[in-house]
Amino acid sequence: MITAQHLTKRYGDHAAVDDVSFTAQPGRVTGFLGPNGAGKSTTMRMVCGLTVPTAGHATVLGRPLRSTPNPGRTVGVLLDASAQHAGRTGRETLALSARLMGLPPRRVEEVLEIVGLTAAESRKRTRGYSLGMRQRLGLAHALLGDPTVLILDEPANGLDPAGIRWMRELVRDFAAQGGTVLLSSHLLREMEAVCDDLVIIGGGRILAQGSAGELLRGPSTRVRSADDGALAAALTRAGHGVERTDEGSLATTASTEQVGRVALAAGVALTELRAATTTGLEQLFFDTTARHGREEIAA
Ligand code: ADP
């Protein structure tokens, strides 16, 4: 389990991370989602004990990672796949860490196999690696000590579609075996596919958190009618969530067909009925991105 409590990091007047609290549970993949510059990396660095918080604290498996003896045996970390010694081969990089962690040399072969780096690739110096190969090597490094917690910053960066699918399965398997996974991304669709829980961050602050299912469900249908008050009441009676949107229509969790049936039974004439193009989470995301002037979130 990973716990962050009131983590805050200021650089001068600028709060890169502002009062961020969350937990990542065993057996679940927790996604840390936000536009570029939102504070994801800074938070992960604080969780890993690499950046000292201005306030708050974080624990991994019940203690600060800095005070965990031989941390690579319990926690696998991949924060920056490019931060590898350019003059060493992939195999040398892993062998050195294996020795430092007190692991047998055969573990290097095992993790190379897991991440799909071939023998020839593992003998190349990392300066010649593509970003995708660096991600695989970084992940091999994170898995080396057979940890129960994985902390991965933008692990899908630089991977091709097959690589992204592979990464997704690896992370899901890890959690299915009881491991705790915290991973970050600025790609909503990617997180939707892999995460059980989401922590959404923008401008250094948490904007929403909860299970991915709950957050992504959101109102799915937009409707206008001759009597929105009566329709809203009928939809609520039928057990559907309803809210009024900024544009004056109703947003509801009911499908378009369900709305049609409820409206018919209530005797309310519909003037507009359509499936929403974005979920509440997507809208939140686009709003955040616009507010902080960052690049658009790729779907
Ligand atoms: P993300 O990982 O979500 O893209 P970061 O955590 O890298 O976001 O950055 C959050 C904010 O903190 C950004 O505005 C960034 O410019 C700022 N920041 C990060 N590290 C430093 C630093 N060492 N010094 C000053 N500002 C920093």
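In case you missed it, the structure is sitting above this.
Residues numbered from 1 in each chain as written. Predicted model: local features only at pLDDT ≥ 70, side-chain atom pairs only at ≥ 80, totals over all residues. Heavy atoms only, no water.

K.L.:
Summarise the sheet that holds strand S1 (residues 2–11); cite the residues concerned and give the values.
P.N.:
Reading across the sheet, the 3 strands line up as S2-S1-S4 and stay open at both edges, with antiparallel pairing between neighbours. Pairing within the sheet leaves two strands with one partner each, and these edge strands are strand S2 (14–24) and strand S4 (55–60). Strand-to-strand, the axes of this sheet are offset by a mean angle of 20 degrees, without reference to chain direction. When S1 meets S4, the two strands line up antiparallel, connected through 5 bridges. Along S4, the bridge assignment pairs Ile2 with Val60. (Pairing = 2+ DSSP bridges. Helix = DSSP H or I, 4+ residues; strand = E, 2+ residues; numbered from the N terminus. Axes fitted to C-alpha atoms, helices over the stretch in contact; angles between N-to-C directions.)

K.L.:
A description of the environment of Ala58 should follow, citing residues and the corresponding values.
P.N.:
One can find Ala58 in strand S4. With 55 residues separating them in the primary sequence, Ala58 and Thr3 have C-alpha atoms 5.5 Å apart. Those residues in contact with Ala58 that sit more than four places away from it in its chain are Thr3, Ala4, Leu7, Met46, Val47 and Pro64. (Contact = heavy atoms within 4.5 Å.)

K.L.:
Can you lay out the site of the ligand for me, pointing to particular residues and giving the numbers?
P.N.:
Around the ligand lies a shell formed by Tyr11, His14, Ala16, Pro35, Asn36, Gly37, Ala38, Gly39, Lys40, Ser41 and Thr42. Within the backbone of Ala38, an N or O atom sits 3.0 Å from an oxygen atom of the ligand. One nitrogen or oxygen atom from the side chain of Thr42 is found 2.5 Å from an oxygen atom belonging to the ligand. Alone, the ligand offers 570 Å² of accessible surface; in the complex the protein occludes 60% of this. Within the residue set of the shell around the ligand, elements represented by two or more residues are S2 and helix H1 (40–47). Looking at side-chain class alone, the shell around the ligand contains 4 nonpolar, 6 polar and 1 charged residues. (Near = heavy atom within 4 Å. Polar contact = N/O pair within 3.5 Å; in protein donor to acceptor, adjacent residues only side chain to side chain. Areas by Shrake-Rupley, 256 points an atom, 1.4 Å probe, with all protein chains shown as cover. Nonpolar A, V, L, I, M, F, W, Y, C, P; charged D, E, K, R; others polar.)

K.L.:
So what's going on with the nonpolar core? Which residues, and what values?
P.N.:
Judged by nonpolar contacts, the single largest core of 44 residues is most densely connected at Leu139, Leu143, Val171, Val181 and Leu183. Counting residues per element, this core draws most heavily on helix H6 (residues 161–176), which supplies 7 residues. The contacts of Leu183, once residues within four sequence positions are left out, are Val29, Thr30, Gly31, Phe32, Met44, Leu152, Pro155, Val171, Met191, Val194 and Cys195. Phe32, Val60, Val149 and Ile201 belong to the second largest nonpolar core, which has 23 residues in total. (Core = buried A, V, L, I, M, F, W, Y, C linked by side-chain atoms within 4.5 Å. Buried < 20%, exposed > 50% of the residue type's maximum accessible area, 1.4 Å probe, protein only.)

Read these as spatial facts, not as claims about activity.
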